[in-house]
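Here are the chains, one letter per residue:
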Amino acid sequence: MSYIFFGPPGVGKGLMAKKVSKKRGIPHISTGDLLRNAVREGFSLGKKAHKYMQMGMLVPDDIVIKLLKLRIEKEDSKHGFILDGFPRTISQAKALDNSNIQINIVFDLMASDKTVMDRITGRRICAHCGAIFHIKNVPPEIDGVCNECLGHLYQREDDKPKTVKRRLEEYHKVTAPLRDFYRAKNILIGINTERPIPDILNDILSHLK
Ligand code: AMP
């Protein structure tokens, strides 16, 4: 079974995908993470992607699709996976459609722009294991230190307010219309994320039974 976690930046796709991935034993595949990794490792695709990411713009489809294909070919994706941050354009959705991968549910995670802005600018990520925290909503036990592995917590460059505004505009213009694409396929389920994390998680899990 494969799922898409859809929604604006900062709505909690990564956090929820990580939790569901643990519960269901299927990998969480974030194209944002794949891209950041490609940048960090100095891969040629990463070099091309970097300038778009810094500006809060979408990376060209061919780069993202190439990286995703390489990831999905790995053994651990054979029995399904969770896509986080993909697709973000109609042509990405069509590429996924043409790839013979069956998506069972698209979870449409929803929150207002104000909520999302607060969530993103307060977000902190573990440099070692990728665990996600929030300075107010999900604070680490020790300031700046990961609960899971004691790694250092950092703020993503593109989580700063000016870039977040750009990313939100891009989401509304280019990505949000994809809802209609999946609604027409009858696999879109709306999830209100303006409530406590355990409630959101239970709502999602109730659809996986
Ligand atoms: P995320 O971690 O999902 O917020 O993604 C961080 C950045 O990576 C985005 O602002 C984009 O620049 C880029 N990115 C991630 N996924 C995609 C995608 N599916 N298509 C284009 N760009 C992407």
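The structure presented is a predicted model; accordingly, all values stated were derived computationally and were not measured.

**Regarding the sheet that holds strand S8 (residues 188-192)**
What the five strands build is an open sheet, ordered S2-S3-S1-S4-S8; its pairing is parallel. Bordering the open sheet on either side are strand S2 (28-30) and S8, each of which pairs with just one other strand. Direction aside, neighbouring strands of the sheet carry axes that sit 25° apart on average. Here four bridges tie strand S1 (residues 3-6) to strand S4 (residues 105-110), and the two strands are oriented parallel to one another. Within S4, the position partnered with phenylalanine 6 by the bridge is aspartate 108.

**Structural notes on the pattern of salt bridges**
Enumeration according to the criterion identifies 15 salt bridges in this entry. For lysine 185, the salt bridge is made with aspartate 97, and the minimal N-O distance between the two is 2.9 Å. Of this pair, lysine 185 sits in the loop between helix H8 (178-184) and S8 while aspartate 97 sits in helix H5 (residues 90-97), placing them 88 residues apart in sequence. The class of lysine 185 is partly exposed, set by a relative accessible area of 37%. The partner of glutamate 169 in a salt bridge is lysine 165, and the shortest N-O contact between them spans 3.7 Å. Within this pair, glutamate 169 and its partner lysine 165 are both found in helix H7 (residues 161-175), separated by four residues, close to a single helical turn. The class of glutamate 169 is partly exposed, set by a relative accessible area of 46%. The network of salt bridges with shared partners includes Arg123, Arg156, Asp158, Asp159 and Arg167.

**A look at the site of the ligand**
As a matter of local geometry, the ligand sits amid 16 residues, with Thr31, Met57, Gly85, Arg88 and Gln92 nearest to it. Within the side chain of arginine 36, an N or O atom sits 3.0 Å from an oxygen atom of the ligand. In this structure, glutamine 92 approaches the ligand through a side-chain N or O atom, which is 2.8 Å from a nitrogen atom. A per-element tally of the shell around the ligand places helix H2 (residues 31-40) first, with four residues. Residues belonging to the shell around the ligand are distributed by class as follows: seven nonpolar, four polar and five charged.

**Examining the sheet that holds strand S7 (residues 153-154)**
With antiparallel pairing, the three strands of this open sheet are ordered in space as S6-S5-S7. Only two strands of the sheet have a single neighbouring strand rather than two, namely strand S6 (132-134) and S7. In terms of strand pairing, strand S5 (residues 123-126) meets S6 through three bridges, oriented antiparallel. In the sheet register, isoleucine 125 faces S6, and the bridge partner there is isoleucine 132.

**As for the packing of H2 against helix H3 (residues 44-54)**
Packed helices, taken two at a time, are described by the angle their axes make and the gap between the axes. For the pair H2 and H3, interaxial distance at closest approach is 8 Å and the crossing angle is 115°. The hand of the H2/H3 crossing is left-handed. Between H2 and H3, the residues in contact are Gly32, Leu35, Arg36, Ala38 and Val39 and Gly46, Ala49, His50 and Met53, respectively. Residue composition of the contact of H2 with H3, grouped by class: five nonpolar, three polar and one charged.

**A few points about the pairing of S5**
Connecting S5 to the next strand, S6, in antiparallel fashion are five residues, including glycine 130 with a positive phi near 85°. As paired strands, S5 and S7 are joined by two bridges and run antiparallel to one another. What sits directly across from isoleucine 125, in S7, is tyrosine 154.

What counts, and at which threshold
Residues numbered from 1 in each chain as written. Predicted model: local features only at pLDDT ≥ 70, side-chain atom pairs only at ≥ 80, totals over all residues. Heavy atoms only, no water. Pairing = 2+ DSSP bridges. Helix = DSSP H or I, 4+ residues; strand = E, 2+ residues; numbered from the N terminus. Axes fitted to C-alpha atoms, helices over the stretch in contact; angles between N-to-C directions. Salt bridge = Lys/Arg side-chain N within 4 Å of Asp/Glu carboxyl O. Buried < 20%, exposed > 50% of the residue type's maximum accessible area, 1.4 Å probe, protein only. Near = heavy atom within 4 Å. Polar contact = N/O pair within 3.5 Å; in protein donor to acceptor, adjacent residues only side chain to side chain. Nonpolar A, V, L, I, M, F, W, Y, C, P; charged D, E, K, R; others polar. Left-handed = near helix turned anticlockwise from the far one by under 90°. Contact = heavy atoms within 4.5 Å.

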